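Descriptive analysis of the structure
Here are the chains, one letter per residue:
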Number of protein chains: 2
Amino acid sequence: MCFTYACLVSTQAQVLYDFTAEPGNNELSVREGETITITNQTIGGGWIEAKNSRGEVGLVPEDYIEVSNGAEDDEWDEEWDDVKSSGGYAESEAGEGGAINRGGAHASSLCRFPGFSKSGPELYLLSKQPAKGTKLPVYTGEVGPVWAYPDYQLDCVVADPKKGSKMYGLKSYIEYQVIPTTTNKPVNHRYKHFDWLYERLLEKFGSAIPIPSLPDKQVTGRFEEEFIKMRMERLQGWMSRMCRHPVISSSEVFQLFLSYKDEKDWKMGKRKAEKDETVGVMVFSTIEPEGLPDLDMIEVEQKCEQFNRFTRAMDDGVKDLLTIGNEHWKRCTGPLPKEYQRIGKAFQNLSSVFISSGYEGEAALTDALTAAGKTYEEIAQMVAEQPKKDLHFLMETNNEYKGLLGCFPDTIGVHKAAIEKVKEADKLVAAGKITPSDKITMSKRASIMSYSLQAEMNHFHSNRIYDYNRVMQQYLEQQVKFYEMIAEKLRHAHSQFTTM
Amino acid sequence: MCFTYACLVSTQAQVLYDFTAEPGNNELSVREGETITITNQTIGGGWIEAKNSRGEVGLVPEDYIEVSNGAEDDEWDEEWDDVKSSGGYAESEAGEGGAINRGGAHASSLCRFPGFSKSGPELYLLSKQPAKGTKLPVYTGEVGPVWAYPDYQLDCVVADPKKGSKMYGLKSYIEYQVIPTTTNKPVNHRYKHFDWLYERLLEKFGSAIPIPSLPDKQVTGRFEEEFIKMRMERLQGWMSRMCRHPVISSSEVFQLFLSYKDEKDWKMGKRKAEKDETVGVMVFSTIEPEGLPDLDMIEVEQKCEQFNRFTRAMDDGVKDLLTIGNEHWKRCTGPLPKEYQRIGKAFQNLSSVFISSGYEGEAALTDALTAAGKTYEEIAQMVAEQPKKDLHFLMETNNEYKGLLGCFPDTIGVHKAAIEKVKEADKLVAAGKITPSDKITMSKRASIMSYSLQAEMNHFHSNRIYDYNRVMQQYLEQQVKFYEMIAEKLRHAHSQFTTM
């Protein structure tokens, strides 16, 4: 890659999606497939400055373009010598790089390629390898099979985003502090590091556990500060969700991310994680249902179908709520406050007209009318600001769940494929392709996969109940406060009119 | 006129204004100037059934058409032998009929014809006739010139609309009870009678006092019941306003309307009122400023200009508020409750999905989520119904004022014309057209007109302050209740979620 200044300021890029400029924001409208020239990469906030073929220059979201010369994502750098394995969609998609074929099934394609290879599951079902890595026990809890939950619930704080720069200031990036509740000792990570963690988790656990995508590949803030705040909030949500997962939070790679001691520790840990061979469907080889009887295939299939129906239905429900929430957001921040403002202005205007009457004894009415008008202007502002205080969290939670639910079809797909393989076992035995003993092993292992899926679903359900309880309480609490405050303001406005 | 059944069912009518049918309401779109055939006049509620030239049949508002064979308004009948003088726009416009040229200036053209004849005022300014009728004194009050206010404030109740019919049931009408607070004895009146009263008041007082048009010549209700209720409410408002006016409420014709003893009393009173000659600008001849010095023309002109500016500004302010109120009404009864309903449905839908999870310990959340969803559906209904409880009265009051303010340009026009005449007086004297004594009389009389206008403006102002104080209090009180009730409902919904 080339990093001379000249190169940085004249990079060619392909436009991936249509983007329509907002008037007055110095933005540039671009069309999918268009080639543009990047004129400034140091804008920040997810924006670059670019020039189109007509010579027009303006801002374009970085994520809408693909730099033709292979430049990396918004916070690219070269501090690692092992750049090749450091993630980024382009690489994974190209199918190159050492990690991808390791273990035969590349789990990182989950959540990405609808055509997830179904050749995966039998690698585990028929594997002769002994299991490697930490064992993941599944116990019987009150609700059925459950993961082993730690006594102490890990959490972390993502905070204090700081701008750093490299290459004599030519490149800048944001570094976040991550403070785990265990050590309480902050570690620094850039978005790129989170992305690396995501890749590792997806690769290692993706067949058994839906790993939600990292937040905001998309551009959400119009301004750098807003963008960073939003990204941080979402990274926090993602990290907390990962912390809450007993399997993920106790994994070596996650612990490394949260509490590496120094740069050397981090680099060594990174290399080790990237060499982990118990990835993809092989993760099931580490799962150990403790004292649980083998399930028959009918039961395994029923459970799988039930989860499939539920996650699809919830996916629809969540998307529906998001659509409605979005429309409500628009109304609450657009036409509704505008209308309250106009009502407020109309009252104040009428008050001004009344003042001009020259009639004596008008002051009590005009003062009260002006105050009422101002009250409606205040209400307008309250209405416009309210969604950030309540609807925002409802939307964020549902957005998280949309991401999570989007991973289930692939996770469930692995199980369905395994079930199909077990169903074919008799034929395979008859054809002499596997031994009767292999068939028993396959069935046993499908049962383990099912326990894993059930434990994961139970984890999902308990989190879901917690999350929706919390977010609905928060939403309604803020809504109550909002309407109470409006009532209070109006009560005050009302009291200013003279009783006659 | 012809009243056979055959005639009733095949009357031709001209369309006066464009009317666009609402889909699904069995209405017929018509265009101004189109000729239609009335197929059923007994629909009621301000509607007739008609057929157009393409043979399409549907409902059309009665007020949008003019029956070609001279049939009367929606409650036409022939109980009076003096049909010719019983009002109706067509007559006045045609300029025929006995009353019209009586007194030279036909006041009933006020509020109707922008080209109000300016030849009016000098009839009074130069009149040699001695004043007839009750004297109308103007006193000096705290705020300047004021009418003589009675000790007892008259009011009345318009109630109990009853359907009556005539002509063997072929024609039906609505009769209202009017109960004055003085006698407490109900009298019956049909809309037509109110209209007759309006005509008399306009004719007699219109040059000095803005007489607001009778409500709802327009169609307001979609259904007969709603229409009658609305008309009654507005007749009540109109009557109360007339009752509050010291000059109008004490006039013979108004007293007749409120408290005629029997049919004979009513008929005789009617005839007398119709023969009243102190109408139009001649009403000023009965006005007597008591102990008030003559005003010079500069002062008269300044006052007039001030009132003109004020009423125009208030007219703009009121219309502005009505426009905004209308839009707010639409939003509150249309998209906003629909959105709350969709939010409510989305919560309930999510709850149903959760119920289907098969996970134990779900009930507390799903019950609470269902309840929250139902709460938003209830809020949707509250939002949709609220405008009738508050915005309605704010709109009605402003609508009344719009009507009232619409009469001021003509009332003020009479004064402006008088001022112009007085200004020309010197020339007229020089040309020998009037005597120097006439000139003094003219100036004196213009001063009387100004006192009258000032008294009227002060009456207007004091009523305005009362009305806006009252309606704003009512509006805000209902708004407070509304938001408090929403907060209460949401507080209850919130309490149903489990604290974790």
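Given the structure is predicted, the values throughout are model-derived calculations rather than measurements. (Residues numbered from 1 in each chain as written. Chains lettered and ligands numbered in written order. Predicted model: local features only at pLDDT ≥ 70, side-chain atom pairs only at ≥ 80, totals over all residues. Heavy atoms only, no water.)

**Remarks on the overall build of chain A**
A count of helices and strands for chain A gives 13 helices and eleven strands. Expressed as a percentage of the 500 residues in chain A, the buried residues total 52%. Counted over contacts in chain A with a minimum sequence separation of 6, partners at least 24 positions apart contribute 70%. (Helix = DSSP H or I, 4+ residues; strand = E, 2+ residues; numbered from the N terminus. Buried < 20%, exposed > 50% of the residue type's maximum accessible area, 1.4 Å probe, protein only. Contact = heavy atoms within 4.5 Å.)

**Considerations on the relation of the copies chain A and chain B**
Put simply, the second copy of the chain is the first one after a rotation about an axis and a shift along it. Placing chain A over chain B gives an RMSD of 0.2 Å and needs a rotation angle of 180 degrees, together with 0.0 Å of translation along the axis. Taken together, the turn and the small shift mark the pair as related by a two-fold rotation axis. Nearest to the rotation axis, the C-alpha of Tyr483 of chain A is located 2.8 Å from it, this being the minimum over chain A. Interface residue correspondence from chain A to chain B reaches 100%, placing this contact among same-surface, isologous pairings. (Least-squares fit on C-alpha atoms with pLDDT ≥ 70 in both.)

**Quick word on the pairing of strand S10 (residues 187-190) of chain A**
Residues and elements named next belong to chain A. Relative to S10, strand S9 (residues 171-180) runs antiparallel, the two sharing four bridges. For Gln177, the partnering residue across the bridge sits in S10 and is Asn188. In this antiparallel pair of consecutive strands, S9 and S10, the connection spans six residues, and Asn184 shows a positive phi of 60 degrees. (Pairing = 2+ DSSP bridges.)

**Some points on the sheet that holds strand S9 (residues 171-180) of chain B**
Residues and elements named next belong to chain B. Pairing in this open sheet of three strands is antiparallel, and the strands run S8-S9-S10 from one edge to the other. Looking along the sheet, the strands with just one partner apiece sit at the ends: strand S8 (156-166) and strand S10 (187-190). Here the average twist between neighbouring strands, direction ignored, is 30 degrees. Contacts between helix H7 (residues 252-259) and the sheet are confined to S8, S9 and S10, with S10 contributing the most and set at about 105 degrees to the helix. (Axes fitted to C-alpha atoms, helices over the stretch in contact; angles between N-to-C directions.)

**Concerning the packing of aromatic side chains**
All chains considered together, the criterion is met by 35 aromatic pairs over all chains. Judged by centre distance (5.7 Å) and plane angle (40 degrees), the ring pair of Tyr124 of chain A and Phe284 of chain A falls under tilted. Taken together, the residues span a long stretch of sequence, with Tyr124 of chain A in helix H3 (residues 121-125) and Phe284 of chain A in the loop between helix H8 (263-275) and strand S11 (287-289) at a distance of 160 residues. Across this residue pair, the class does not change: Tyr124 of chain A and Phe284 of chain A are buried. Summarising the aromatic geometry, the rings of Phe257 of chain A and Trp266 of chain A are spaced 6.2 Å apart at their centres and angled 65 degrees between planes, so their arrangement reads as edge-to-face. Trp266 of chain A carries the same exposure label as Phe257 of chain A, and that label is buried. Looking at Arg231 of chain A, its charged tip hangs above the ring of Tyr191 of chain A, at a distance of 3.6 Å from the centre. The ring of Phe354 of chain A has Arg464 of chain B lying over it, and the distance from NZ or CZ to the ring centre is 4.3 Å. (Phe/Tyr/Trp six-rings, centres within 6.5 Å; stacked < 30°, edge-to-face > 60°. Lys NZ or Arg CZ within 6 Å of the ring centre and 35° of its normal.)

**Topic: the packing of helix H9 (residues 297-333) of chain A against helix H10 (residues 335-355) of chain B**
Where H9 of chain A contacts H10 of chain B, the axes come no closer than 9 Å and their chain directions differ by 160 degrees. Comparing the axis directions of H9 of chain A and H10 of chain B gives the class roughly antiparallel. H10 of chain B is crossed by H9 of chain A, and the crossing has left-handed handedness. Along its contact with H9 of chain A, which presents Phe310, Ala313, Met314, Gly317, Val318, Asp320, Leu321, Ile324, Glu327, His328 and Arg331 of chain A, the element H10 of chain B presents Pro335, Leu336, Glu339, Tyr340, Arg342, Ile343, Ala346, Phe347, Asn349, Leu350, Val353 and Phe354 of chain B. (Parallel < 35°, antiparallel > 145°, perpendicular 65-115°, else oblique. Left-handed = near helix turned anticlockwise from the far one by under 90°.)

**Here we look at the nonpolar core**
As a rule of thumb, nonpolar side chains are buried together in soluble globular proteins. Grouped together as the largest cluster of nonpolar side chains are 228 residues, with contacts concentrated most on Met239 of chain A together with Met239 of chain B. Once residues lying within four places of it in the same chain are set aside, the contact partners of Met239 of chain B are Cys156, Val158, Val178, Phe194, Leu197, Phe254, Phe257 and Leu258 of chain B. (Core = buried A, V, L, I, M, F, W, Y, C linked by side-chain atoms within 4.5 Å.)

**Considerations on the sheet that holds strand S6 (residues 136-141) of chain A**
Across a sheet, paired strands are connected by hydrogen bonds in the backbone, their directions being either parallel or antiparallel. All names here are of chain A. With mixed pairing, the three strands of this open sheet are ordered in space as S7-S6-S11. Looking along the sheet, the strands with just one partner apiece sit at the ends: strand S7 (144-147) and S11. Adjacent strand axes in the sheet meet at a mean angle of 35 degrees, parallel and antiparallel pairs treated alike. Bridging between S6 and S7 involves four bridges; their strand directions are antiparallel. Looking at the pairing, Gly141 lines up with Gly144 of S7. Packed on one face of the sheet, helix H13 (residues 436-495) meets S6, S7 and S11 and runs near 80 degrees to S7.

**Quick notes on the interface of chain A and chain B**
In this complex, chain A contributes 66 residues to the contact, which on the side of chain B involves 66 residues. Both sides of the chain A and chain B interface together cover about 6,400 Å² of buried area, and 68% of this is carbon and sulfur. Looking only at chain A, the three residues that lose the most surface to chain B are Glu339, Tyr359 and Tyr483 of chain A, adding up to 11% of its buried area. Applying the counting rule to chain A against chain B returns eight salt bridges. We note a salt bridge from Glu484 of chain A to Arg491 of chain B, for which the minimum N-O separation is 2.4 Å. (Buried area = accessible area lost by both parts, 1.4 Å probe. Salt bridge = Lys/Arg side-chain N within 4 Å of Asp/Glu carboxyl O.)

**Digging into the side chain of Asp390 of chain A**
Residue and element names in this part refer to chain A. Within the secondary structure, Asp390 sits in the loop between helix H11 (363-389) and helix H12 (391-430). Buried and unpaired, Asp390 has no salt bridge, with Lys389 as the nearest side chain of opposite charge at 8.6 Å. In contact with Asp390, not counting residues within four places along its chain, are Tyr475, Gln478 and Gln479. (Lys, Arg positive; Asp, Glu negative; His and termini not counted.)

**As for the pattern of salt bridges**
All names here are of chain B. For the structure on display, the rule yields 54 salt bridges over all chains. Linking Glu488 and Arg491 is a salt bridge whose minimum nitrogen-to-oxygen distance equals 2.4 Å. One end of the pair is Glu488 and the other is Arg491, both in helix H13 (residues 436-495) and three residues apart, which spans about a single turn. Using a relative accessible area of 42% as the deciding quantity, one classes Glu488 as partly exposed.

**Remarks on the packing of helix H4 (residues 191-205) of chain B against H7 of chain B**
Residue and element names in this part refer to chain B. One way to put it is that H4 packs onto H7 with a least axis distance of 10 Å and a crossing angle of 165 degrees. With respect to their mutual orientation, H4 and H7 come out roughly antiparallel. In the crossing of H4 with H7, the sense of the turn from one axis to the other is left-handed. Between H4 and H7, the residues in contact are His193, Phe194, Trp196, Leu197, Arg200 and Leu201 and Val253, Phe254, Leu256 and Phe257, respectively. Looking at the contact of H4 with H7, its residues break down into eight nonpolar, one polar and one charged. (Nonpolar A, V, L, I, M, F, W, Y, C, P; charged D, E, K, R; others polar.)

**With respect to the environment of Arg445 of chain A**
Residue and element names in this part refer to chain A. In this fold, Arg445 is placed in helix H13. With 151 residues separating them in the primary sequence, Arg445 and Asp294 have C-alpha atoms 8.9 Å apart. If near-sequence neighbours (up to four positions away) are discounted, Arg445 is found in contact with Tyr124, Leu125, Leu126 and Ser127. At 2.7 Å, the side chain of Arg445 and the backbone oxygen of Tyr124 are in polar contact. (Polar contact = N/O pair within 3.5 Å; in protein donor to acceptor, adjacent residues only side chain to side chain.)

**Some points on the side chain of Thr375 of chain A**
Considering the arrangement of structural elements, one finds Thr375 of chain A in helix H11. Residues in contact with Thr375 of chain A, not counting those within four places in the same chain, are Lys489, Leu490 and Ala493 of chain A.

**Notes on the environment of Asp438 of chain B**
All names here are of chain B. With respect to the helices and strands, Asp438 occurs in helix H13. Once residues within four sequence positions are removed from consideration, Asp438 is found in contact with Leu126 and Lys128. One polar contact links Asp438 to Lys128, side chain to side chain, over a distance of 2.9 Å.

**Side note on helix H5 (residues 224-244) of chain A**
Taking 1.5 Å as the rise per residue, H5 of chain A with 21 residues should run 30 Å; its terminal C-alpha atoms sit 30 Å apart, in good agreement. Of all 21 residues making up H5 of chain A, 15 are buried, and the element is well covered by its neighbours. (Expected span 1.5 Å × (residues − 1).)

**Section: the environment of Phe284 of chain B**
Residues and elements named next belong to chain B. By relative accessible area, Phe284 is classed as buried at 0%. Taking the C-alpha atoms as reference, Phe284 lies 9.4 Å from Ala446; in sequence the two are 162 residues apart. The residues contacting Phe284, other than those within four sequence positions of it, are Tyr124, Ser207, Ala208, Val414, His415, Ile448, Met449 and Ser452.

**Considering the state of the cysteines**
Across all of its chains, the model carries zero disulfides over all chains by this definition. Cysteine Cys243 of chain A remains unbridged, with the sulfur of Cys156 of chain A as its closest cysteine sulfur at 4.0 Å. (Disulfide = S-S within 2.5 Å.)

**Section: the confidence of the model for chain A**
All names here are of chain A. Of all residues in chain A, 84% attain a pLDDT of 70 or more, and the chain-wide mean is 84. Mean pLDDT across the elements of chain A bottoms out in helix H2 (residues 89-94) (28) and peaks in H11 (97). Confidence drops under pLDDT 50 across residues 1-9; counting only partners more than four residues distant or on other chains, this segment forms 14 contacts. Note on residues 69-119: pLDDT under 50 across the span, and 101 contacts to partners over four residues away in sequence or across chains. (pLDDT = per-residue confidence, 0-100.)

**Thoughts on helix H4 (residues 191-205) of chain A**
Taking 1.5 Å per residue, 15 residues should reach 21 Å; H4 of chain A reaches 21 Å between its end C-alpha atoms and fits that length. When you tally the buried positions in H4 of chain A, you get 15 out of 15 residues, the bulk of the element.

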